[in-house]
Each structure stands twice: as structure tokens, then as C-alpha cells.
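# Reading the structure
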Amino acid sequence: MNALDQLMQAFGAAGGDRAVLADSATAHLVADGHTILSARQVEGVEVEAHETAAGISAKVRVRQGVRLKNPVHLCFGVLHKKGSQHISMDVRLEKNSAASFVAHCIFPDAEQVIHAMDAKVVIEDGAELRYAETHFHGIHGGVEASPKAVVSIGKNGRYFGDFTLITGRVGRLAIDYTVEAGENAVTELTARVFGHGSDSIKITEKVTLAGEQARGLIKTRVALEDEASAEITGITEGNAAGARGHVDCMEIVKDQAVASAIPIVRVTNPLAKVTHEAAIGSVDKRQLETLMVHGLTPEEAVDIIVRGILS
Amino acid sequence: MALLAIKNLSFQAGAAKIIDDLSLSMDQAEVHALLGTNGTGKSTLAYLIMGCEGYWPTAGTILFAGQAIQTRRIHERAQLGITMAWQEPVRFEGISVAQYLTLTNRHLDPAPYLAMVGLQPGRYLARMVDKCLSGGERKRIELASILALHPRLAIFDEPDSGIDMLSIHDIINVINACKTSGCAVLLITHREEIALIADRASQICRGRIVCSGSPQQVAAYYKSRECLACATEVCADERP
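Owing to the predicted nature of the structure, the values given are computational and were not obtained by experimental measurement.

What counts and what doesn't
Along each chain, the written sequence defines residue order, and numbers are assigned to residues from 1. Lettering for chains starts from A, numbering for ligands starts from 1, and both go in the order in which the items are written. Confidence filtering applies because this is a predicted model: local features only for residues at pLDDT of at least 70, side-chain atom pairs given and counted only at 80 or more, and all residues used for totals across whole chains, interfaces and linings. Per the convention used, a helix needs a DSSP run of H or I reaching at least four residues, while a strand needs a run of E reaching at least two, with both numbered from the N terminus. Here the radius of gyration uses the C-alpha set of atoms, whereas the globule reference equals 2.2 Å times the residue count to the power 0.38. We call a residue exposed when 12 or fewer other C-beta atoms sit within 10 Å of its C-beta, buried when the count reaches 20 or more, and partly exposed for counts in between; the C-beta positions come from the backbone. By definition, residue pairs are in contact when their C-beta atoms, positioned from the backbone, come within 7 Å. Should DSSP find at least two bridges between two strands, the strands are taken to pair. To get an axis, a line is fitted to the C-alpha atoms, and for a helix only the part in contact is used. The angle between two axes follows their N-to-C directions and goes from 0 to 180 degrees. Take the buried Ala, Val, Leu, Ile, Met, Phe, Trp, Tyr and Cys residues, join any whose C-beta atoms are within 7 Å, and the set you get is a nonpolar core. By definition in this entry, angles of less than 35 degrees are roughly parallel, angles greater than 145 are roughly antiparallel, angles of 65 to 115 are roughly perpendicular, and the rest are oblique. For a crossing to be left-handed, the near helix must be turned anticlockwise from the far one by less than a right angle; the clockwise case is right-handed. For this classification, the nonpolar set comprises Ala, Val, Leu, Ile, Met, Phe, Trp, Tyr, Cys and Pro, the charged set comprises Asp, Glu, Lys and Arg, and every other residue, Gly included, is treated as polar. Known as pLDDT, the predictor's confidence for each residue is given on a scale from 0 to 100.

## Describing the overall build of chain B
When helices and strands are tallied, chain B shows 10 helices and 10 strands. Taken over the C-alpha trace, chain B has a radius of gyration of 18 Å; the compact-globule value for 240 residues is 18 Å, and the two agree within 12%. For chain B, the C-alpha atoms occupy an extent of roughly 50 × 40 × 35 Å along the three principal directions. Buried residues in chain B amount to 45% of all 240 residues. Contacts spanning at least 24 positions in sequence make up 67% of the contacts within chain B whose residues lie at least 6 apart.

Here it is as C-alpha cells:
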């Protein structure tokens, strides 16, 4: 089996749709380590990827006014037990374009793997990007992943980011996302992570509401068990009139897990408003008892509650 | 044999005696209304029957279908056929109404149960049981979930609270549906019009049953201030 087949097998096991690679109407980019295995561009979308000495450099550009029907699929992984992957992404959605990206980052057998993503995303005026990124790090906890993104959104633009790592171990995860929203722009950043064993999770997300009427939401859902730990920092700045932001963090801890949440809200314009809420603790007793009066065991009830908040 | 037989049950929280030597029995498919003013022990009795955390009797027994259940945990009692609808149902993030109604039976069609509580399945099944639902909607979904369980004993803790007057008939429909299916209902309520659909009723005061009989008799007693134990303090002030 060649590397592409192996990666696609892992992609399918992680919930990806293997048929997308064969679909001539769907743009994609697939890479194992620092080797590009497959790439396709479709009308209105340019996908350029290069193998460099430092890793993989990719540019994706969605042309002005193009509204893609099919998502752009990105599949990055390391199939070996040891290895590294450094990806530099440059994404631009030109004016009034719209696209959704579905990214899978897969490290099924990782015991000592480093995955670093450095993305620059520009969403021009009136454009919209939905970016869903799902990770699978295997069962050994041997991945050190550091996705980093700097996103700027123009007037009336929209950006929705959704990061999910809820199957298998996490290893060490350090998310660092920064979003600047222009006039009347909207952004929502959602992250869902389930940590086990000695997993270490650090999520830092910052939304700057720079334009008037800009709106932002940072929503983080983390469940931890065993000796896992998490530090969640959600920062929202309201710097323009009518800007509205909210930081919402919920963490459920079991066993000896340790969680912390640091919501930072900062307002420099008196007509802006930013709020926050954070809840950390064990599973809610009333929720647990409600499910138990339906006949579920405590273990089943906890599982449903945790899966619910991570869904 | 009674389906539920509570004998000389007491429960103390710190120095306060919440349930005091209380006895009560219910037959299969019996609807039993439990009346009483705030703070007299109605909900505490419900939690004791259900086995909620922190509610362990200090004396007495609770027999369900002849088995002593007072040391069993909530889910074990639920698996015997006892269930409960809370006065204020909690919300769940990421759980849809359809999932909630089929928690223990994934093959069940939840739609008819929603219709029975006055909710259109097409509008509600895909919605989340979270803060996007109003208190009244959440309450109806809780009642639907009880119907979907087909329990042997359902405890409804003030099912009418938070639901508008026009919807009282939906609650009565739920109670009647339980009874028709052979399920006994312990109905905790302040509303006389709901209590009157019961087969029997009891008034609880300061953790004791002070009057039992037909719902009409108990409702009349409740309003007549004949309860000597309650002639003073809280109960007398709150009596309708």
C-alpha cells in the first residue's frame, strides 16, 4: 500500500470521506510529512503547494465573487511513528467569495511526532470562510501539535473556525489563533478537545473587534480525565463602537485532571461591549441525576454529558 | 400488594427533621396527589423515593413491588421502573430532543411522545435540550421523556409550574396516559384542578401525612384550616 492509500485509510477511519479525492469538482491537498501526495484545484480556486527544505508551503486563493459549492479538503499527516511536519499556509478569500475548508490532521501511529501549522488567512470584504479542522493523534500521546493562525477579516466578512480533537490521545497541543475583525465582520472560534492520560492542552485564542459593529465569539469546550491538564485563554478586545464580543469556556474535569481558564476581556471604546463566562468542574450533579432517573448508569450518564458538550 | 409502600420513613438534615415517621402506599396505576404548602417535605419525599444523592432515610423503609429499595442508587431504582420529572428540568448542551427521548431505547420513535405533550415533532426533534428552549418547552420535553420510558411509577414534582394555564390539559393528558398504560403516578402539586384528577390524595405537613382520602376530601381539608399541626407559622400563612 502506498503512502497516499495509507493516509486515505487513516483519513477514512478518522471520519473523512475518501471519495473526495476522486471528485474532480472538489479541490484538495494531501501531504504526508513533507511530501505532497495529491493536490487539485478547481475553477475559482487556486491551490499551490511546494515541498521546501523547511516543510510544506501552500497557498490557497479563492477568486473574487466565487462561492464554492464543495468544501476544499486538506489532509495532513505523518504515517510513521516518528517524524515532523511543518506547514506554512497562506489563504486568501477575495472580495465577496465564500468557501468552506475541511481539514484533517492525522497521526495514527505517532509516538514522537511534531506537527506545526503556521497559517495566514486573509478574508477580504464581504467574503466568508468556514474552517473545520479535525485532529486524530492516535493512542500513544506522542504528538506535539502547534496550530497557529493569524486571521484578518475585512468589512462585512465572516470567519468561522472549528477545531476538534476528541478521539484518541492529544499528546501536547498548543493552539494559538489570532483574529482581527473589521467593520461589521463576524467571527466565531470553537474548540473542542478531550484530554486523557498525561495529555497537555494549551489553547490561546484572541479576537480583536477592530471595526464598528464587529462581533466575535470564542467558545471552548474541554473535557479532561486521568492526569490531563488544560490552560485555556480566551481574549477579546472591543475597540470600536457597537462591537460585541463574548468568551465562553466550559471545562469538565475527572480524576486527577487539572483545568484552568483565563478569560481576558478588554474594551477601549465605551460603545463596545465584551462579556465572558467560564465554568470548570466535575459533571453537573443535576444533569447526572436527570440521566440516571432515565435508567442510565453513572458512567453512561457522564459519557453522554461529556460527549454532549464536545459535540 | 401495594406497588409502593413507604413505612415510617424519616429523614433528617442536620437538626431539622424534614420527613417525620411518614407512611404512604400506592397501588399499580394509581394516581396519588400529594398536597402541601412550600417547605413541608413534598420534594424531599420524591428525592427519597428516587434515591437522589444526599437523600438517604434516617429511619423507615421504602418497598417497591415488595423489594426494599432505600439503599439502592438512582439508576437501580430507575431500572426497576421508578422515574421522576423534576420541578425545574436541567438543560443539556449537545443533546438533541430526539436523543433525549431515546436515551435508553434507540429504536423508539420519539415523535408520538412529543405530540402527547403538545409539541410538534417536526419542530422539536432536532433541537437541542439546551438554553435555546424555554422553561415551559423544557418541562414538556421532560414529561414526554417520562412517557417514553413506560415506567411503573412516575413521580411528577409540580408538573404545572412554569406552564401556562391553557396547557394544564396537556399535563392532565400525560397523567392519564401514564395511568392507562398501568403506571402509577405520584403527583406533587399546588393546583386543585390537577389534584382532582387523582384517585387518591394526601396532604403532607411538616414531613407527616396529616390527611388522606379522595382528592375532594383532601382539597377541602387543605383549604379549611382544619389541620391543627399547621394552624400557626408558615403553613397557615401560605394556605390558599
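## Concerning the overall build of chain A
Check the secondary structure of chain A and you find three helices and 19 strands. Over its C-alpha atoms chain A spans a radius of gyration of 20 Å, differing by no more than 12% from the 19 Å that the globule rule assigns to 311 residues. Taken over the C-alpha atoms alone, chain A extends approximately 55 × 55 × 35 Å along its principal axes. Residue burial in chain A is summarised as follows: out of 311 residues, 49% are buried. Taking all contacts inside chain A whose residues are at least 6 apart in sequence as the whole, residues at least 24 apart take part in 77%.

## Quick notes on the sheet that holds strand β10 (residues 208-213) of chain B
One key point about sheets: their strands pair by backbone hydrogen bonds, in either a parallel or an antiparallel sense. All names here are of chain B. Within the open sheet, the six strands sit side by side as β6-β7-β8-β3-β9-β10. Their pairing is mixed. The open sheet is flanked by β6 (82-85) and β10, the only strands paired with a single partner. Here the average twist between neighbouring strands, direction ignored, is 20°. Bridge count for strand β9 (residues 200-205) against β10 is five bridges, and the pairing is antiparallel. What sits directly across from Cys205, in β10, is Arg208. Contacting β3 (31-35), β7 (153-157) and β8 (184-188), helix α7 (residues 168-180) runs over the sheet at an angle of about 150° to β8.

## Looking at the nonpolar core
Counting residues in each nonpolar core, the largest one holds 170 residues, and the members touching the most others are B:Met50, B:Val185 and B:Leu187. Look past the residues within four positions of B:Val185 in its chain and what remains in contact with it is B:Val31, B:Ala154, B:Phe156, B:Ile175, B:Cys178 and B:Lys179.

## Examining the interface of chain B and chain A
Each partner contributes to the interface: chain B provides 19 residues, whereas chain A provides 19 residues. Every element with two or more residues in the side of chain B that touches chain A is listed here: α2 (74-80), β6 and α6 (135-149) of chain B.

## Looking at the sheet that holds strand β1 (residues 4-13) of chain B
Residues and elements named next belong to chain B. Here we have four strands laid out as an open sheet, ordered β2-β1-β4-β5, and antiparallel in their pairing. Whereas interior strands pair on both sides, the edge strands pair on one side only; in this sheet they are β2 (16-26) and β5 (67-68). When β1 meets strand β4 (residues 59-64), the two strands line up antiparallel, connected through five bridges. Its bridge partner lying in β4, Ser10 is registered against Ala59. Running at roughly 65° to β2, helix α1 (residues 42-50) makes contact with β1, β2 and β4 of the sheet.

## Examining the packing of helix α2 (residues 285-292) of chain A against helix α3 (residues 298-310) of chain A
Residue and element names in this part refer to chain A. Two elements in contact, α2 and α3, have axes separated by 9 Å at closest approach and are oriented at 120°. Classified by the angle their axes make, α2 and α3 are oblique. Both α2 and α3 take part in a crossing whose hand is right-handed. Within the contact between the two elements, α2 uses Gln287, Leu288, Leu291 and Met292 and α3 uses Pro298, Ala301, Val302, Ile304 and Ile305. Within the contact of α2 with α3, the residues separate by chemical class into eight nonpolar, one polar and no charged.

## A word on the environment of A:Gly16
All names here are of chain A. Here Gly16 shows up in the loop between α1 (3-13) and β1 (28-32). On a C-alpha basis, the gap between Gly16 and Thr134 in space is 9.3 Å, while along the polypeptide they are 118 residues apart. Those residues within four positions of Gly16 in sequence are excluded, and the remaining contacts are Phe11, Cys75 and His104.

## Regarding the pairing of strand β13 (residues 186-195) of chain A
It is a general feature of regular strands that their side chains alternate between the two faces of the sheet. Both strand β11 (residues 158-165) of chain A and β13(A) contribute to a ladder of eight bridges, which runs parallel. If you follow A:Arg158 over to β13(A), its bridge partner there is A:Val186.

## Focus: the pairing of β3(B)
Residue and element names in this part refer to chain B. Most of β3 sits inside the fold, with five of its five residues counted as buried. Where burial is concerned, the two faces of β3 agree: the one with Val31, Ala33 and Leu35 and the one with His32 and Leu34 are both buried. In the sheet, β3 pairs with β9 via four bridges, with the strands oriented parallel. From the neighbouring strand, Leu34 faces β9, where its bridge partner is Ser202.

## So, the confidence of the model for chain B
When pLDDT is averaged along chain B, the result is 90; 92% of the residues meet or exceed 70. In this model residues 231-240 of chain B is a low-confidence stretch, pLDDT under 50, and it forms 15 contacts with partners more than four residues away in sequence or in other chains.

## Notes on the environment of B:Gly54
Mapped onto the fold, B:Gly54 is located in the loop between α1 and β4. In this structure the C-alpha to C-alpha distance between B:Gly54 and B:Ala13, which are 41 residues apart in sequence, comes to 9.2 Å.

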